[in-house]
Amino acid sequence: MKIGALKESFEGEARVAITPASTAHLQKLGHEVFVESGAGEAAGFSDDDYRKAGATVAETAGALIEAVDVVAKVRQPSESEIGEMREGQTLISFFYPAQNAELLEKAKQQGITAIAMDMVPRISRAQKMDALSSMANIAGYRSVIEAANNFGRFFTGQVTAAGKVPPAKILVVGAGVAGLAAIGTATSLGAQVYAFDVRPEVAEQIESMGAEFVYLDFEEQTKDGAETGGYAAPSSPEFREAQLKKFRELAPDMDVVITTALIPGRDAPVLWTKDMVEAMKKGSVIVDLAAEKGGNCELTVADQRVVTDNGVVVIGYTDFASRMGAQSSELYGNNVRHFMADLTPKKDGVIDHNMDDDVIRGATVAHDHDITFPPPKPKVAAIAAQKPKEKKKELTPEERRAQEIAAFKAETKSQVTLLAAGAILVLLVGLVAPASFMSHFIVFVLACFVGFRVIWNVAHSLHTPLMAITNAISSIIILGALMQIGSGSAWVLILAALAVLMAGVNIFGGFLVTRRMLAMFQKS
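Let me sum up the structure you'll find in this document. (Residues numbered from 1 in each chain as written. Predicted model: local features only at pLDDT ≥ 70, side-chain atom pairs only at ≥ 80, totals over all residues. Heavy atoms only, no water.)

1. A look at the overall build of the chain
Right, on to step 1. Secondary structure assignment for the chain yields 16 helices and 16 strands.
Right, on to step 2. The burial tally for the chain puts 41% of its 524 residues in the buried class.
Right, on to step 3. Restricting to contacts in the chain with at least 6 residues of sequence separation, those with at least 24 account for 63%.
Right, on to step 4. As presented, the chain carries roughly 28,500 Å² of accessible surface, and 59% of it is formed by carbon and sulfur atoms. (Helix = DSSP H or I, 4+ residues; strand = E, 2+ residues; numbered from the N terminus. Buried < 20%, exposed > 50% of the residue type's maximum accessible area, 1.4 Å probe, protein only. Contact = heavy atoms within 4.5 Å. Areas by Shrake-Rupley, 256 points an atom, 1.4 Å probe, with all protein chains shown as cover.)

Now the structure itself:
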């Protein structure tokens, strides 16, 4: 099959659906790659880069559509682009079928197969094709960079000869892919980061990234707020009021607010109202990642940077991913080629559009003169829809004491059984072994028993310090074994060599593990 990437017709769009790097992967699947001339220029990929990668450069969009079987785009297609496609061709792009019923009907009439990258099911197997997450990750990172560019101070706190600089306080509203990317970036820049999400199960993720989770004293937040697909469920009016009240408390202290609350196909909820903006300090920054759907901030204007009367900067850009065209294109190109890998299971260049496959069926919105949107629910549960672990039942002091007594009795019984078995073993060996052997054997058995009990009862967190002791013991074993290697007995020689080998592995392995653990705390 032949697959080609069109030059994006949307004004200001810098991304491209196929990159020189993804070209090589598509060729390994047996496909020929075509690119419209100039398609990658805005992302930093020249036509010569594509030619060197083995792609064919088509001079016009019409020539490319006529030559290929699969057309790849980033933005949703225009009616004219779909109109140029012929029956049986496949289109891969963002499509947003719920908001583009006319385009969907046009695809049906043309008889093309339309694959919407925004409809890839959010299941584990499809993560490599999840273009929404790829672009949200970049948008989250870029939102912090834009905020830093418009903020008049350091993000990180500093103590200098000229005075002390406090760290910037940043609030991230929404801890999806974009929110977590923003949290990670802001934390790495040294800011004091706070984050809020209606899903309490993400609190652990937020705190693990060095941010502080903003809790609400509200019963609804203890419920599971995740829907199939990994997005937060709409909140009740009561919860929304409690949420806004909390934001009003935080607004005067925050230097930067990044809002990411958006569910595809719905208008963005207003979470940062005009009075909250007015309560913020002069020079503060708000970055609204939901501006394309109306914005989470009441004063957001799509595609514009607005400065309010009290000096707060409100950024409502809708092209955060496009502002990093090279990186976005690489990630989106990987999403596309992974999807093509699923469409080409035999890697022979022949597309097998298997509608029984959860991922392919979920992303296909038009096929064989039929509209296949909305898709059925995937058989596999969504990534984010996992139920939180149930809390262990609280025990009364009497129940806890009874458990401890039962555990002590069980442990004592196992120890007595082990000692009895050991005594019987020593007795049986003593019946046939010479006295000189028995003196060494008893010491060996006791050393194994005591050593096992000592090591086994040490907490895992103390195993690394314990290696210093075990290495010393291993050194004694090696010295003893080396003294026995000169023995005339073949059995003694074999056992001594094995002792040297195993003790050596223990010593060197201990040092390697310790080194790796220490390296975890070192900055590269």
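2. What to know about unusual backbone geometry
Right, on to step 1. Cis geometry is found at the peptide bond from F373 to P374, where omega equals 0°.
Right, on to step 2. Take P374: it is sitting in the loop between β16 (364-366) and α13 (397-432).
Right, on to step 3. One non-glycine residue, K347, lies in the positive phi region at around 55°.
Right, on to step 4. Looking at the secondary structure, you find K347 in the loop between α11 (325-343) and α12 (358-363).
Right, on to step 5. A positive phi angle is found at H369, which is not glycine, with a value near 60°.
Right, on to step 6. Along the chain, the position of H369 falls in the loop between β16 and α13.

3. Focus on the environment of G44
Right, on to step 1. Along the chain, G44 turns up in the loop between β2 (32-36) and α2 (47-52).
Right, on to step 2. A relative accessible area of 57% places G44 in the exposed class.

4. Overview of a nonpolar patch on the surface
Right, on to step 1. Taken together, the side chains of W491, I494, L495, L498, L501, M502 and V505 make up a nonpolar region of the molecular surface, amounting to roughly 800 Å² of accessible area.
Right, on to step 2. Position of L498 relative to the elements: it lies in helix α16 (residues 490-519). (Patch = residues over 30% accessible without salt bridge, like charges linked within 9 Å, V, L, I, M, F, W, Y side chains within 5 Å. Salt bridge = Lys/Arg side-chain N within 4 Å of Asp/Glu carboxyl O.)

5. Here we look at the nonpolar core
Right, on to step 1. With 39 residues, the main nonpolar core has Y332, F339 and M340 as its most contacted residues.
Right, on to step 2. Elements supplying a minimum of two residues to this core: β1 (2-5), β2, β4 (70-72), α6 (131-150), α11 and α12.
Right, on to step 3. Apart from residues lying up to four places away in sequence, F339 is in contact with I115, M117, V120, M129, V359, I360 and A363. (Core = buried A, V, L, I, M, F, W, Y, C linked by side-chain atoms within 4.5 Å.)

6. Things to note about the sheet that holds strand β10 (residues 192-196)
Right, on to step 1. One open sheet holds the seven strands; their spatial order is β11-β10-β9-β12-β13-β15-β14, and the pairing between them is mixed. Pairing within the sheet leaves two strands with one partner each, and these edge strands are β11 (212-213) and β14 (305-307).
Right, on to step 2. For β10 and β11, the ladder comprises two bridges, and the chain directions are parallel. Residue A195 lies in a different strand from β11, and its bridge partner there is F213.
Right, on to step 3. Against the sheet, α6 makes contact with β12 (256-259), β13 (285-288), β14 and β15 (313-315), and its axis sits at roughly 155° relative to β13, the strand it touches most. (Pairing = 2+ DSSP bridges. Axes fitted to C-alpha atoms, helices over the stretch in contact; angles between N-to-C directions.)

7. Focus: the pairing of β1
Right, on to step 1. Pairing analysis gives four bridges linking β1 to β2, with the strands arranged parallel. Across the sheet, residue A5 finds its bridge partner in β2, namely V35.
Right, on to step 2. Assessed by its sense of winding, the connection that carries the chain from β1 through helix α1 (residues 20-28) to β2 is right-handed. (Right-handed = clockwise from strand over helix to strand, strands pointing away.)

8. Digging into helix α9 (residues 237-250)
Right, on to step 1. The first and last C-alpha atoms of α9 sit 20 Å apart over 14 residues, in line with the 20 Å expected at 1.5 Å per residue.
Right, on to step 2. What α9 keeps buried is the set F239, Q243, L244, F247 and L250. The arc that holds the buried residues of α9, viewed along the axis, is 135°, so those residues lie on one side. Facing away from the buried side of α9, by more than 90 degrees, are the exposed residues P237 and K245.
Right, on to step 3. Buried residues along α9 sit against β9 (169-173), β10 and α10 (274-279). (Expected span 1.5 Å × (residues − 1). Arc of directions from axis to C-beta.)

9. Some points on the packing of α6 against helix α7 (residues 177-188)
Right, on to step 1. It is at 7 Å that the axes of α6 and α7 come closest, and there the two elements cross at 35°. Crossing angle aside, the handedness with which α6 passes α7 is right-handed. Residues S133, A136, N137, G140, Y141, S143 and V144 of α6 form the contact with α7, whose own contacting residues are V177, A178, A181, A182, T185 and A186. (Left-handed = near helix turned anticlockwise from the far one by under 90°.)

10. Considerations on the pattern of salt bridges
Right, on to step 1. Going through the model one piece at a time under the given rule, you end up with 18 salt bridges.
Right, on to step 2. When the shortest N-O distance is used, the salt bridge between R75 and E13 registers 2.7 Å. Of this pair, R75 sits in the loop between β4 and α4 (79-84) while E13 sits in the loop between β1 and α1; the two residues are 62 residues apart in sequence, bridging distant segments of the chain.
Right, on to step 3. Classification of R75 as buried rests on a relative accessible area of 17%.
Right, on to step 4. Classification of E13 by relative accessible area gives buried; the value is 8%.
Right, on to step 5. For K281, the salt bridge goes to D255, with nearest N and O atoms at 3.0 Å.

11. Quick notes on α7
Right, on to step 1. For α7, with twelve residues, the first-to-last C-alpha span of 17 Å sits near the 16 Å given by 1.5 Å per residue.
Right, on to step 2. Residues of α7 that are buried in the fold lie against α6, β9, β10, α8 (203-208) and β12.
Right, on to step 3. Positive backbone phi, approximately 95°, marks G190, located one or two places after α7.

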